[in-house]
Every structure is written in structure tokens, then in C-alpha cells.
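# Structural characterization, general
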Amino acid sequence: EALHLPGIAANYASVPDAADLDGFGDFTLELTDVTLPVWTPSAVMGLINKYNTTDAQRAYRFNVNTSGTLALTVTVDGSSQLTYTSSIETGVSDGSTASIRVLRTGSDIKFYVDSGSGFSQLGTTRSGVSTTLFNSTAQLQVGMDYNGNASPLLGSLTRARVWNTATPDSSTPVLDINFALANKGATSFTATSGQVVTVNSTAIANPAAIRAA
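Residues numbered from 1 in each chain as written. Predicted model: local features only at pLDDT ≥ 70, side-chain atom pairs only at ≥ 80, totals over all residues. Heavy atoms only, no water.

## Notes on the overall build of the chain
Along the chain, the regular secondary structure elements total zero helices and 18 strands. Relative to its length of 213 residues, the chain is compact, with a C-alpha radius of gyration of 15 Å against a globular reference of 17 Å. Taking the principal axes of its C-alpha atoms as reference, the chain extends roughly 45 × 35 × 35 Å. Per-residue burial for the chain yields a buried fraction of 49% across its 213 residues. Counting contacts in the chain only where the partners sit at least 6 residues apart, residues at least 24 apart contribute 64% of the total. With the model as given, the accessible surface of the chain reaches about 8400 Å², and the carbon-plus-sulfur share is 47%. Across the chain, the mean location of the 11 positive side-chain charges is 2 Å away from that of the 16 negative side-chain charges. (Helix = DSSP H or I, 4+ residues; strand = E, 2+ residues; numbered from the N terminus. Rg over C-alpha atoms; globule rule 2.2 N^0.38 Å. Buried < 20%, exposed > 50% of the residue type's maximum accessible area, 1.4 Å probe, protein only. Contact = heavy atoms within 4.5 Å. Areas by Shrake-Rupley, 256 points an atom, 1.4 Å probe, with all protein chains shown as cover. Lys, Arg positive; Asp, Glu negative; His and termini not counted. Charge placed at Lys NZ, Arg CZ, Asp CG, Glu CD.)

## A few points about the pairing of strand β14 (residues 159-163)
Burial of β14 is extensive: four of the five residues sit out of reach of the surface. As defined by bridge partners, strand β3 (residues 27-35) adjoins β14 across five bridges and the pair is classed as antiparallel. Bridge pairing in β14 places E30 opposite R161. Relative to strand β15 (residues 175-178), β14 runs antiparallel, the two being bridged by four bridges. Note that in β15 the partner of R159 across the bridge is N178. (Pairing = 2+ DSSP bridges.)

The structure is reproduced here in C-alpha cells:
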């Protein structure tokens, strides 16, 4: 199973706000087995966020740009935003599957792609701020850029993880949503890390859903 998303507003997965999901120094965001029909989409597509613009409750968001690059946007005050973009595009072929990761170590921002042979850094390290991220009250959303309706993802993925470290391969994630372990068609289930995950959908032909390929 995987989370399949139609690229339509209000179709995404979410977990409630929690103290350990933002307010980070170093951190890592990772999406596993992401399959996109187009890796240079006609509009920005959101991967994962904890970012609400309506009441200045921004923390972070990670997305795919129309150029095929990856972008991380963060805020340290809930309002003003800082965006860092990978220096090159992912290079993933349309319709293909890859895992993607971004991490911050101090003031360094690094993007990674794994197309099947392990993670390798995508382009050069970007220089950012090391200030602790804002502790937002926004829910965490998978498959959306922000607010539950902005830049929705068209595609599928099997797992979403967040670490409050920049050492994901040797530490335990604070969030681990493994959609492959959820029952087909489930609208709510418990993440490996303990949070309740909700699959939000609308009345359309192919809404957000956990299903086989």
C-alpha cells in the first residue's frame, strides 16, 4: 500500500500538532518511495509541511518546484520565511520513484535523492540560518504545501519521517508514518511513532486514499 494523492486541495494526510514536531535546531525531513507522474510539475507540489499562513503559525515546508528542484522553507518567528533551493534538479524521470530528504546541520542545508542505490547529495550545500525554528500550532500535513489547500501533491508515497536531528540513519524519528503498514482504504491509523494519522479527502473521483499501486 501507499498514500495516493490526486493533486486536489484538501486531499492529504495529517497528524495533530505536538511539541516534538517543530521548534527544531538540526532536523531531517524524508519522504520514501515518492512516485510523481511529472518531476518537473506545472505548479509547485507540496511534500510535507507544518505551516499555516492564516494566523502566522509557520514552521517548515518542503516541496518540488516546477524546475524539478527541491525547496525548503522555514521560519524562526512564525511569520517571515526563508527559502533554500537545491542547486540542481532531482533528475528523476517522469513516472519514476525516488526517496527524497532534506536536512539542516547548523546553518547548512543539504538535499538528498535516492533513486534506488542509496541517498546521495543533490547539488551543493546551501547556507542558511541555524536559529531554532518557530514552534507552530499548525498540524503536520503530508502531500500539501501549506494550509491544507495550497500546492497539493499529485502522486504517491509510502512513508514520511521527521527527525529532530541531522543524523537520520543513526537516530529515531519523532514522526514515522508508514503508509505501507496501514490497511487499504483506512481513513485513520496510528503511525509507527505513535501519532494518529488522518487521511483527509473530498468527494471526487479519485480522492486521497491508501491503496495498492
